[in-house]
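Observations on the model geometry
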Amino acid sequence: MRVVVVGSGGAGKSVISGLLARLLARSGRRVLAVDLDPNPGLAWSIGVAPSDEGLPEGVVTAREGGLYGWGLAGGIDPAEGAERFSTPGPDGVRYLCPGKIARADHVVTHSLGAVQAILDATGPSWDIVGDIEAGTTCPYEGYTRFADQAVVVVTQSWRSGLAAHRLSQLLSDIPLTVVASQLADGGQPGRLDPAIRVPFDPAVAQAERRGEPTLDACPDSPVVRAVEDLMGLLVAKESASGQLGR
Amino acid sequence: MKIVVTGKGGVGKTTVSGTLARLLALAGQSVVAIDCDPSPNLGTTLGLDPPVVEGLPAVLNELVASGHTHNDPKPDPDDLLARFGVDAADGVRLVVAARIERLPNTCMCCGSHRTTRELFSDLAAQDRVVLADLEAGLNDLLWAHPKAGDAVVVVADSSAKAVEIARRAVRIARAMGIERVVGVANHSADPEQAEHLRSVLEVPVMAIPDDPAVAEAGYRGLAPLDVDPTSPAVRAIETLAGRLMDLAW
């Protein structure tokens, strides 16, 4: 499957992406977790050492048609990129990141174009789980084009519901799975009817405070069980679309 | 005076921005608030009705719709404010930079960020406050590019990710030559949170307590000031407003 996780800021995209990637890997799949947010986050949710560096020097070059006009340098097979430029994480997850904004003069857009080229060339032997920056800009600018499914994460707040509604319009050409996140007891997100309900768990909030992956800090959390359900739903949608000959 | 409010997504930038803008206006300032979120919603914390907020005109969208391109002369920022701004509660003038909710049929490359930068840098602030509520994360801070003399408010909650993004925001603001940087420990449940943030950011940090009135306002798309003007979070933002206006600071 090739899934992108979108939603308003702070809704729980990285926690859900990180959990999903590791649970997929535990189920025996080959998983590439792609961190497309220029702000730090997903590495901690998976449990890999965060790095600000993007792809190594010499690998990225200006390329017409690439995202922001950038792509992979000649002589580098993009189909090998998923393995070659990713770092190993827990449960066998491979983590790929085009870099982070660390300084005022930092540009991560070049590396992003190269990572998109890798994603375009990565075959069906891989599952891709992509985590993107909060809000509507990234889907609009084409970061999500690798995906054939999207998970829309929404909380109970009005603004999160509004962002989820706008994101659903932007991503209306692929199947969407709405996940309600951080739900209080009896809580309902506005606007969208969620397929999966993830409760608020103070233990997960504590783990976030320490910067620890949910799966290691609170493996028995109802949050983990909800993301297991999400995984089942995404796998079912994947096989359904396969039977339709997508 | 110009102020940008930045930080990780979901930490409460918009709540702080809207409440701060209104409290500054109530204190007698003329205030322009710029909503830089491409999914704009600052209007709610400025007291506008949610359905109104959802349909507010946005500068970039209106310019694109009227056939304006990058090659045309840059529009006068106060003219944009007059044409596309709206009056919000307590006399705050709100202007939305861009609204991204459908796939484009025209070129809007870099549009939302560029509009943010142009509005923030071109609106004069000699005799008024220009406050920008930035898009989540560090990218929009680079684009807005505040100058020495401007103030940067860096908001974080207790999560390690939010604190790290705040740390980077302060470093970036310092590299831009900005001295007036203040941290906000939002949704604060204990004094250690602000203390920790202060030790990481090495700037003055104010705590805004976790507040049921803010949560209630967030669920309903309302302004905390209209739900409970005496709530602890509103009081804390009042202190922040005082601090920002204190020229000796």
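Residues numbered from 1 in each chain as written. Chains lettered and ligands numbered in written order. Predicted model: local features only at pLDDT ≥ 70, side-chain atom pairs only at ≥ 80, totals over all residues. Heavy atoms only, no water.

1. Observations regarding the sheet that holds strand S7 (residues 180-188) of chain B
Residues and elements named next belong to chain B.
- In spatial order, the strands read S3-S4-S2-S5-S1-S6-S7-S8; together these 8 strands make up an open sheet with mixed pairing. Where the open sheet ends on each side, the last strands, each with one partner, are strand S3 (86-87) and strand S8 (205-209).
- Two elements, S7 and S8, share 4 bridges in a ladder whose sense is parallel. The residue of S8 that forms the bridge with Gly-183 is Val-205.
- Its contacts with the sheet place helix H1 (residues 13-26) against strand S1 (2-7), strand S2 (31-35), strand S5 (129-133), strand S6 (151-156) and S8, and it is angled at close to 165° to S5.
- Contacts between helix H8 (residues 160-175) and the sheet are confined to S1, S6 and S7, with S6 contributing the most and set at about 170° to the helix. (Pairing = 2+ DSSP bridges. Helix = DSSP H or I, 4+ residues; strand = E, 2+ residues; numbered from the N terminus. Contact = heavy atoms within 4.5 Å. Axes fitted to C-alpha atoms, helices over the stretch in contact; angles between N-to-C directions.)

2. Here we look at the interface of chain A and chain B
- The interface of chain A with chain B comprises 37 residues on the first partner and 46 residues on the second.
- Counting the surface lost from both chain A and chain B, the interface buries some 3,600 Å², and carbon and sulfur atoms represent 53% of this.
- The closest approach of N and O atoms between A:Arg191 and B:Glu54, which form a salt bridge, is 2.5 Å.
- At the junction of chain A with chain B, the criterion picks out 20 residue pairs in polar contact (both at pLDDT 80 or more).
- Among the elements of the structure, helix H1 (13-26), helix H2 (42-46), helix H5 (137-141), helix H6 (158-170) and helix H7 (202-210) of chain A are those that each provide at least two residues to the side of chain A that touches chain B. (Buried area = accessible area lost by both parts, 1.4 Å probe. Salt bridge = Lys/Arg side-chain N within 4 Å of Asp/Glu carboxyl O. Polar contact = N/O pair within 3.5 Å; in protein donor to acceptor, adjacent residues only side chain to side chain.)

3. Things to note about the nonpolar core
- B:Ile3, B:Ile34, B:Val153, B:Leu240 and B:Leu244 are the most contacted members of the largest nonpolar core, which has 85 residues in total.
- Broken down by element, this core gets its largest block of residues, 8 residues, from H8(B).
- Grouped together as the second largest cluster of nonpolar side chains are 38 residues, A:Leu20, A:Val151, A:Val198 and A:Val227 included. (Core = buried A, V, L, I, M, F, W, Y, C linked by side-chain atoms within 4.5 Å. Buried < 20%, exposed > 50% of the residue type's maximum accessible area, 1.4 Å probe, protein only.)

4. Digging into the pattern of salt bridges
- Within this structure, the stated rule accounts for 25 salt bridges over all chains.
- A salt bridge links A:Arg209 to B:Asp190; its shortest N-O distance comes to 3.2 Å. One end of the pair, A:Arg209, is in helix H7; the other, B:Asp190, is in the loop between S7 and helix H9 (191-201), on a second chain.
- A:Arg209 sits in the partly exposed class, given a relative accessible area of 28%.
- Across the pair B:Arg93 and B:Asp87 runs a salt bridge, and its minimum N-O distance is 3.1 Å.
- Among the residues examined, B:Arg93 registers a relative accessible area of 18% and is labelled buried.
- Look at B:Asp87 and you get exposed, because its relative accessible area is 56%.
- Look at the salt bridges and you will find they share partners, linking A:Arg22, A:Arg26, A:Asp91 and A:Asp216 into a network.

5. Comments concerning helix H4 (residues 109-121) of chain A
- Under the 1.5 Å per step criterion, the end-to-end length of H4(A) is 19 Å for 13 residues, consistent within 8% with the ideal 18 Å.
- Residues of H4(A) that are buried: A:Ser111, A:Leu112, A:Gly113, A:Ala114, A:Val115, A:Gln116, A:Ile118 and A:Leu119. (Expected span 1.5 Å × (residues − 1).)

6. Let's talk about the pairing of strand S2 (residues 31-35) of chain A
All names here are of chain A.
- Summarising burial for S2: 5 of the 5 residues are buried, a large majority.
- Across 5 bridges, S2 lies against strand S7 (residues 127-131) in parallel orientation. Within S7, the position partnered with Ala-33 by the bridge is Val-129.

7. Focus: the pairing of S7(B)
All names here are of chain B.
- Of all 9 residues in S7, 8 are buried, a share of seventy percent or more.
- One ladder, built from 6 bridges, connects S6 with S7; its direction is parallel. Note on S7: the bridge partner recorded for Ala-156 is Ala-185.
- On the question of chirality, the crossover connecting S6 to the parallel S7 by way of H8 is right-handed.
- With H9 bridging S7 and its parallel neighbour S8, the resulting β-α-β unit is right-handed. (Right-handed = clockwise from strand over helix to strand, strands pointing away.)

8. Here's the deal with the confidence of the model for chain B
- When pLDDT is averaged along chain B, the result is 93, and 95% of the positions lie at 70 or above.
- Scored as a whole, the predicted complex attains pTM 0.96, and scored at its interfaces, ipTM 0.95. (pLDDT = per-residue confidence, 0-100.)

9. Regarding the packing of H1(B) against helix H12 (residues 232-245) of chain B
All names here are of chain B.
- At a closest axis distance of 9 Å, the pairing of H1 and H12 adopts a crossing angle of 65°. Where H1 crosses over H12, the handedness of that crossing is right-handed. Contacts between H1 and H12 involve Thr-15, Val-16, Thr-19, Leu-20, Leu-23 and Leu-24 from the former and Val-234, Ile-237, Glu-238, Leu-240, Ala-241, Leu-244 and Met-245 from the latter.
- Its residues placed into classes, the contact of H1 with H12 shows 10 nonpolar, 2 polar and 1 charged. (Left-handed = near helix turned anticlockwise from the far one by under 90°. Nonpolar A, V, L, I, M, F, W, Y, C, P; charged D, E, K, R; others polar.)

10. Some words on the packing of H8(B) against H9(B)
All names here are of chain B.
- With their axes 9 Å apart at the nearest point, H8 and H9 run at an angle of 40° to one another. By the criterion of interaxial angle, the relationship of H8 to H9 is oblique. Considering only the axes of H8 and H9, their crossing is right-handed. Contacts from Val-163, Ala-166, Arg-167 and Val-170 of H8 reach H9 at His-196, Leu-197, Val-200 and Leu-201.
- Of the residues assigned to the contact of H8 with H9, the class counts are 6 nonpolar, 1 polar and 1 charged. (Parallel < 35°, antiparallel > 145°, perpendicular 65-115°, else oblique.)

11. Regarding the sheet that holds strand S8 (residues 149-154) of chain A
Residues and elements named next belong to chain A.
- Reading across from one edge, S5-S6-S2-S7-S1-S8-S9-S10 is the order of the 8 strands in this open sheet, with mixed pairing throughout. Single-partner strands in this sheet number two, and they are strand S5 (87-88) and strand S10 (196-199).
- On the sheet, H1 packs against strand S1 (2-7), S2, S7, S8 and strand S9 (176-183) and is oriented at approximately 165° with respect to S7.
- Of the strands in this sheet, S1, S8 and S9 touch H6, which is tilted by about 165° from S8.

12. A closer look at unusual backbone geometry
- The residue A:Asp91 is not glycine, and still its phi comes out positive at about 65°.
- Of the residues examined, A:Asp91 reaches a relative accessible area of 31% and is grouped as partly exposed.
- Here the phi dihedral of B:Asp90 falls at roughly 60°; this positive angle occurs in a residue that is not glycine.
- In this structure, B:Asp90 sits in the loop between S3 and strand S4 (93-96).
- With relative accessibility at 33%, the residue B:Asp90 sits in the partly exposed group.

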